[in-house]
Amino acid sequence: MTRFRYVAVGPDGSRKAGHLDAPGEADARRMVSSSGDLLVELQDASRRDWLKLERRTVLPSAAAAEFALELSGLLGAGAPMRKALDIQSGGSGPTARLAGAVLTHIDNGGSLSDALRRAGGSAVMLAEFAAAGEAGAGLDTLMESGGRFLKARTDAISRIRNALAYPIFIALLGLVAMSVITIYVAPALAPTLKDSGQGGFVIWLASVGDWTQANMSWLAAGVAASILGGSVLMSRASVRRRLGALLWSLPVLGPVARDLDVGQSCDVLSALLQAGRPLESALRFASAVSGPNLAAVYDSIGQNIRDGQVASAAFASAAGLPAEVRRLALLGEKSSAFAGAMRQAGRICHDRALRRIDQFAALVGPVLVIGMGAAIALLMLSILGTLSGIGDSVL
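Given the structure is predicted, the values throughout are model-derived calculations rather than measurements.

Asks: Can you break down the overall build of the protein residue by residue, with the values?
Replies: Along the protein, the regular secondary structure elements total 16 helices and 3 strands. In the protein, which comprises 395 residues, the share counted as buried stands at 37%. Restricting to contacts in the protein with at least 6 residues of sequence separation, those with at least 24 account for 59%. For the protein, the accessible area works out to roughly 21,200 Å², and carbon and sulfur atoms hold 61% of it.

So this is what it looks like as structure tokens:
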């Protein structure tokens, strides 16, 4: 049994608060509602908030995507919203907790989009899809699109992390080896080399190691401050937008970032168009959920359409879009299958981005192994060559 803390409003409008024991969150919610009270808040009271500094759990993208896809399936099968959320909240994990929080908010008269915004984390992005669905675009269709959107983003991030894990490990291993040589090995040999008058490079390396040892605490504080400052900056949406805009201009990573962004937004455009939304409205929504560079492209296309251009011409004049999107937009308009063309274009861009990520990982790993191995070998050859020269001079 788990102990829960609840806040409810009685039929007469009085506020009630207390604790109850139940097997799970769904059972606790039913126990409060069965007495005719309106549940406002329900929390697991068994968790201690040490000094009230317990970190709030941020909803991960994978859980938000799972919630959206499950809800879409239930709504598509004909289940009412409240029944669908009640089914989802009967499980465990972050998806069930999100469903329970949303259900409570809806019982209190709120909307699905407002409940998702209040949940925070990745649910805020889902709120945009829910708002479009509530406006008449089809809630089940938009929640499915939102779930696919977050799932594609999660899969891409996971692919990038897996691709970079081995190169980062090799780089760190090489840096540790070079640091040990610089900080400990070279300074230990420096006195002998100074007496012999040889080993200028090793002596210089030893001076770098001595300076590093003398300022180790300051260097550690500087690294910690840099990490903290970077975390604070990355928490600001304006900084992330600028970095996203800068990423498009990079020679190798730029095309990958563009294809990922375009692939996801084209899937959103397709879902909105299939749900009956006008193209101009779909473009505004795709702009809202895209990065800054792609948002500017969609805003420009929307403006051209409002100025009287046909969709294919507006897409063809958008230089920021991949050629596949522009060509398929023309083909889709001619065949009256614009939504299907956008989905196909998005799939092409997304798959190409994933292939490039895999190719990048396959190339960077061996290059780093060779590069770090060569750097360490040169350092060791320099030290061994100096020691060999000292031995020859003694003999």
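So, next bit.
Asks: Could you give an account of the packing of aromatic side chains, naming the residues involved and the relevant values?
Replies: In this structure the tally under the stated criterion is 3 aromatic pairs. Relative to Phe 338, the ring of Phe 315 has its centre 5.5 Å away and its plane inclined at 65 degrees; by these criteria the two rings are edge-to-face. Of the two residues, Phe 315 sits in helix H14 (residues 311-316) while Phe 338 sits in helix H16 (residues 338-394), which places them 23 residues apart along the sequence. Here Phe 315 matches Phe 338 in class, with each residue buried. Feature note: the residues Phe 129, Phe 149 and Phe 285 constitute an aromatic cluster, connected by ring pairs.

Asks: Account for helix H1 (residues 25-34), with residues named and values stated.
Replies: Buried residues of H1: Ala 26, Ala 28, Arg 29 and Val 32, and no others. When H1 is viewed along its axis, its buried side chains cluster within an angular range of 160 degrees and face the same direction. Just downstream of H1, Gly 36 is the residue with a positive phi angle, here 90 degrees.

Asks: Lay out the layout of surface pockets in plain terms, naming residues and giving numbers.
Replies: Unfilled space is identified by rolling a water-sized probe across the atoms. The space that makes up the largest pocket amounts to roughly 1,700 Å³. As for the largest pocket, its lining consists of 41 residues, of which Arg 153, Ile 157, Arg 240, Gly 244 and Leu 247 are closest to the centre. Breaking the lining of the largest pocket down by element, the ones donating at least two residues are helix H6 (123-137), helix H7 (139-196), helix H10 (237-247), helix H11 (253-274), helix H12 (279-288), helix H13 (292-306) and H16. Residues of the lining of the largest pocket, tallied by class, amount to 24 nonpolar, 11 polar and 6 charged.

Asks: So what about the side chain of Arg 352? Which residues, and what values?
Replies: Among the secondary structure elements, Arg 352 is positioned in helix H16. The exposure class of Arg 352 is buried, given its relative accessible area of 14%. Aside from chain neighbours lying at most four places away, what touches Arg 352 is Asp 259, Pro 322 and Glu 324.

Asks: Lay out the confidence of the model for the protein with the relevant residues and their values.
Replies: Of all residues in the protein, 90% attain a pLDDT of 70 or more, and the chain-wide mean is 82. For residues 48-56, every residue scores under 50 in pLDDT, and the model assigns this stretch 6 contacts once sequence neighbours within four places are set aside.

Asks: Please give an account of the side chain of Thr 182 that cites residues and values.
Replies: With respect to the helices and strands, the residue Thr 182 is situated in helix H7. With relative accessibility at 14%, the residue Thr 182 sits in the buried group. The residues contacting Thr 182, other than those within four sequence positions of it, are Pro 187, Leu 205, Val 208 and Gly 209.

Asks: Hey, could you go over the nonpolar core for me, with residue numbers and the actual values?
Replies: Soluble, globular proteins show a tendency: their nonpolar side chains are buried together. Within the largest apolar cluster, 61 residues are counted, with the highest numbers of intra-cluster contacts made by Phe 67, Leu 116, Met 143, Phe 315 and Leu 321. Excluding residues within four positions of it along the chain, Leu 321 makes contact with Arg 258, Val 262, Leu 294, Val 297, Tyr 298, Ile 301, Phe 315 and Arg 326. Counting residues in hydrophobic clusters, the runner-up holds 9 residues, among them Ile 181, Leu 193, Ala 206 and Leu 379.

Asks: I'd like a rundown of the packing of helix H3 (residues 81-89) against helix H4 (residues 94-107), residues and numbers included.
Replies: Interaxial distance between H3 and H4 falls to 7 Å at its minimum, and their mutual angle equals 145 degrees. Crossing of H3 against H4: the hand is left-handed. Residue-level contacts link Met 81, Arg 82, Leu 85, Asp 86, Gln 88 and Ser 89 of H3 to Thr 95, Ala 96, Ala 99, Gly 100, Val 102, Leu 103, Ile 106 and Asp 107 of H4. Of the residues contributing to the contact of H3 with H4, the split by class is 7 nonpolar, 4 polar and 3 charged.

Asks: Pulling in residues and values, what's your account of the state of the cysteines?
Replies: Taken as a whole and assessed by the stated rule, the structure comprises 0 disulfides. Free of any disulfide, Cys 266 has its nearest neighbouring cysteine sulfur in Cys 349, separated by 6.0 Å.

About the thresholds
- Residues numbered from 1 in each chain as written.
- Predicted model: local features only at pLDDT ≥ 70, side-chain atom pairs only at ≥ 80, totals over all residues.
- Heavy atoms only, no water.
- Helix = DSSP H or I, 4+ residues; strand = E, 2+ residues; numbered from the N terminus.
- Buried < 20%, exposed > 50% of the residue type's maximum accessible area, 1.4 Å probe, protein only.
- Contact = heavy atoms within 4.5 Å.
- Areas by Shrake-Rupley, 256 points an atom, 1.4 Å probe, with all protein chains shown as cover.
- Phe/Tyr/Trp six-rings, centres within 6.5 Å; stacked < 30°, edge-to-face > 60°.
- Arc of directions from axis to C-beta.
- 1 Å grid on protein atoms, 1.4 Å probe; cavity = no way out; pocket = protein on both sides within 12 Å on 5 of 7 lines; lining within 4 Å.
- Points joined across faces, edges and corners; volume = space filled by probe spheres on them.
- Nonpolar A, V, L, I, M, F, W, Y, C, P; charged D, E, K, R; others polar.
- pLDDT = per-residue confidence, 0-100.
- Core = buried A, V, L, I, M, F, W, Y, C linked by side-chain atoms within 4.5 Å.
- Axes fitted to C-alpha atoms, helices over the stretch in contact; angles between N-to-C directions.
- Left-handed = near helix turned anticlockwise from the far one by under 90°.
- Disulfide = S-S within 2.5 Å.

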